[in-house]
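Chain and residue survey
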Amino acid sequence: MDALVLLRDLASRPRHAADALRGRLDPAVLAAHPGGHPNSVAWLLWHTGREIDAQLAALTGEDEVWETRGIAKQLGLGEEGAAVGYGHTPEQARAIEVTDGEALLDYVEAALDAFDFHLAGVTFADLDDIVDEAWDPPVTRAARLVSILDDAIQHLAQAAYVLGMPQRG
């Protein structure tokens, strides 16, 4: 199996994880802050879309679907929503409030569509391209693509975990 086949298989995993959340995200779940953590389920889903979208746009030079698909306007999160969430203060994280789970999942799906489109044009030789020299060692395209997917999978799994918790009330 070559690296591109493996990478394309990995790229399908966040989509399956997101699809498993559909129809299960009511406003109470989206607003849940287990253990008082500042990152709600809505934050986890928003961040999943943002990190895929922003990192992919930086990698490809294309515009973010956040703007091109009108997600920014639809979710109405203002300046906090345009960020990615890395380094958010607890107050900034708590400011990410969304009651429409399907809209969040649609954003994740749109970001994954852009990811898949990019990946379809990547060749084996492209995987070794250095895309970020700010790290030691410098980051290759392959490492960045895996990193984007790894982060998405982690955050979608966290959201799924919260959905599996017994609801108090």
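Because the structure is a prediction, the values reported are computed rather than measured.

Attention now moves to the nonpolar core. Side chains of a nonpolar character, in soluble globular proteins, are inclined to be buried together. Among the nonpolar cores identified, the biggest contains 46 residues, and L25, L45 and F115 are the most heavily contacted of them. With 10 residues, helix α8 (residues 101–120) is the single largest residue contributor to this core.

A few words on unusual backbone geometry. Note that the residue after D136, namely P137, is joined by a cis bond; omega there is 5°. Position of P137 relative to the elements: it lies in the loop between β1 (130–132) and β2 (139–140).

We now examine a nonpolar patch on the surface. On the surface, M1, V5 and L6 cluster together into a nonpolar patch covering about 360 Å² of accessible area. Tracing the backbone shows V5 in helix α1 (residues 3–19). Classification of V5 as partly exposed rests on a relative accessible area of 42%.

Next up on the list: the packing of α1 against helix α9 (residues 141–163). At a closest axis distance of 9 Å, the pairing of α1 and α9 adopts a crossing angle of 25°. Classified by the interaxial angle, the pair formed by α1 and α9 is roughly parallel. Crossing angle aside, the handedness with which α1 passes α9 is left-handed. Residues L7, L10, A11, R13, P14, A17 and A18 of α1 form the contact with α9, whose participating residues are L145, V146, L149, A152, I153 and L156. Split into classes, the residues belonging to the contact of α1 with α9 amount to 12 nonpolar, no polar and one charged.

Turn by turn, an α-helix covers 3.6 residues, leaving residues three or four places apart pointing in a common direction. The end-to-end C-alpha distance of helix α3 (residues 41–60), which contains 20 residues, comes to 29 Å, matching closely the 28 Å that a straight helix rising 1.5 Å per residue would cover. With 18 of its 20 residues buried, α3 lies for the most part within the structure. A distance of 3.3 Å separates the backbone nitrogen of A42 from a side-chain oxygen at the start of α3, and that oxygen is part of S40. Among the residues trailing α3, G61 stands out with phi positive, at a value near 80°.

Quick notes on the rules
Residues numbered from 1 in each chain as written. Predicted model: local features only at pLDDT ≥ 70, side-chain atom pairs only at ≥ 80, totals over all residues. Heavy atoms only, no water. Core = buried A, V, L, I, M, F, W, Y, C linked by side-chain atoms within 4.5 Å. Buried < 20%, exposed > 50% of the residue type's maximum accessible area, 1.4 Å probe, protein only. Helix = DSSP H or I, 4+ residues; strand = E, 2+ residues; numbered from the N terminus. Patch = residues over 30% accessible without salt bridge, like charges linked within 9 Å, V, L, I, M, F, W, Y side chains within 5 Å. Areas by Shrake-Rupley, 256 points an atom, 1.4 Å probe, with all protein chains shown as cover. Salt bridge = Lys/Arg side-chain N within 4 Å of Asp/Glu carboxyl O. Axes fitted to C-alpha atoms, helices over the stretch in contact; angles between N-to-C directions. Parallel < 35°, antiparallel > 145°, perpendicular 65-115°, else oblique. Left-handed = near helix turned anticlockwise from the far one by under 90°. Contact = heavy atoms within 4.5 Å. Nonpolar A, V, L, I, M, F, W, Y, C, P; charged D, E, K, R; others polar. Expected span 1.5 Å × (residues − 1). Polar contact = N/O pair within 3.5 Å; in protein donor to acceptor, adjacent residues only side chain to side chain.

Any functional reading would require information beyond the geometric quantities listed.
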